[in-house]
Amino acid sequence: MGAPGSYSFSNVTANHTIAASFAIDQKTLTVASAYAGASPGNVTVNFGTAVSEFVVNSPVAGPAGTRYVCTGGTVAGNAFTAVNATNVTLTLTNNATLTWLWKTQYLWSATAGANGTVVTSNGWYDAGAGASASAVANTGYYFTGWTGSVTNTLNPLAVTMSGARSVTANFSTTPLVQYTIVATAGANGTITPSGSVLVTQGATATFTFTPDANYQVSDVLVDGVSAGAPGSYSFSNVTTNHT
């Protein structure tokens, strides 16, 4: 008779039997992952079954100098426990959807040519994060500029990781004519680059101001004179020291 919610005997004129059997509800967990690797993935199980889901391929290699890293999972429709960035557990009592979350990272590499060294932290950086490097010349030599993904003479060098970056510091026995821009930030924000920044004569140096959460840039002083409250400021054709 199938599985009706009720059954009626009509115009009863004889004895009958009726028996009902019951089966536990089935619940489905749907799993989404932008870079695959979900295990076991989509499952349909009995109500109240404990399920453990994993990402087994993090990090995932992308184009040269790019990778994708799983940062955790979130479940809509059912309570869950985040064991770590690649494992969640749940007792499935509802149909639900698990979405694995990923972030992009780029490779940063700064090396020194002959006659100097570089101070940096090479490795993987989150997209949008900052990386920096300082060039240090050996005795009798001078830093002359960066080549590679970035070409300029700023020292230290600060970049925003919007892609893979690889730079080399170059050195020579002939010094560049350079000037110093002293960049400082007050409380509740940062300036990039910061500190005593060396700029080659005639070059352009751009500084970016980043307020902390719930703050905004209120004023920027250039050589002691207000420049308003821009998000960045550039010194063009530098021919003297600045603050």
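In case you missed it, the structure is sitting above this.
Residues numbered from 1 in each chain as written. Predicted model: local features only at pLDDT ≥ 70, side-chain atom pairs only at ≥ 80, totals over all residues. Heavy atoms only, no water.

A.B. asks: Mind showing me how you'd approach the overall build of the protein here?
C.D. replies: Assigned secondary structure in the protein consists of zero helices and 22 strands. Against the compact-globule benchmark of 18 Å for 243 residues, the protein has a radius of gyration of 31 Å, which places it well outside the compact range. Total accessible area on the protein is roughly 13700 Å²; 51% of this is exposed by carbon and sulfur atoms. (Helix = DSSP H or I, 4+ residues; strand = E, 2+ residues; numbered from the N terminus. Rg over C-alpha atoms; globule rule 2.2 N^0.38 Å. Areas by Shrake-Rupley, 256 points an atom, 1.4 Å probe, with all protein chains shown as cover.)

A.B. asks: Would you mind going over the environment of Ala127 with me for this structure?
C.D. replies: By the element assignment, Ala127 lies in the loop between β11 (123-126) and β12 (130-137). If sequence neighbours within four positions are ignored, Ala127 has contacts with Thr104, Gln105, Tyr106 and Met161. (Contact = heavy atoms within 4.5 Å.)

A.B. asks: What should I look at first to understand the pattern of salt bridges in this one?
C.D. replies: Inspection of the entire model under this criterion finds one salt bridge. Residue Lys103 is joined to Asp126 by a salt bridge in which the shortest nitrogen-to-oxygen separation is 3.2 Å. One end of the pair, Lys103, is in strand β9 (residues 96-112); the other, Asp126, is in strand β11, with 23 residues separating them in the sequence. (Salt bridge = Lys/Arg side-chain N within 4 Å of Asp/Glu carboxyl O.)

A.B. asks: What is the right way to read the sheet that holds strand β8 (residues 87-92) from this model?
C.D. replies: By definition, the strands of a sheet pair up through backbone hydrogen bonds, in either a parallel or an antiparallel sense. Reading across from one edge, β2-β4-β8-β7 is the order of the four strands in this open sheet, with antiparallel pairing throughout. In this open sheet, the two edge strands, each paired with only one partner strand, are β2 (38-39) and β7 (81-84). (Pairing = 2+ DSSP bridges.)

A.B. asks: Help me out: how do you make sense of the packing of aromatic side chains in this one?
C.D. replies: Centre distance and the angle of the planes are the two values used to describe a pair of aromatic rings. In the structure shown here, the tally under the stated rule is seven aromatic pairs. Their ring planes at 75° and their centres at 5.1 Å tell us that Tyr233 and Phe235 sit as a pair that is edge-to-face. Using a relative accessible area of 27% as the deciding quantity, one classes Tyr233 as partly exposed. (Phe/Tyr/Trp six-rings, centres within 6.5 Å; stacked < 30°, edge-to-face > 60°. Buried < 20%, exposed > 50% of the residue type's maximum accessible area, 1.4 Å probe, protein only.)

A.B. asks: Could you clarify how one ought to interpret the side chain of Asn78 in this entry?
C.D. replies: Along the chain, Asn78 turns up in the loop between β6 (66-76) and β7. From its side chain, Asn78 meets the backbone nitrogen of Asn94 in a polar contact 3.1 Å long. (Polar contact = N/O pair within 3.5 Å; in protein donor to acceptor, adjacent residues only side chain to side chain.)

A.B. asks: Can you walk me through a nonpolar patch on the surface in this structure?
C.D. replies: On the surface, Met1, Tyr7, Phe9, Val12 and Ile18 cluster together to form a nonpolar patch covering roughly 570 Å² of accessible area. Note on placement: Val12 falls in the segment before β1 (26-33). On the accessibility criterion, Val12 (52% relative accessible area) is exposed. (Patch = residues over 30% accessible without salt bridge, like charges linked within 9 Å, V, L, I, M, F, W, Y side chains within 5 Å.)

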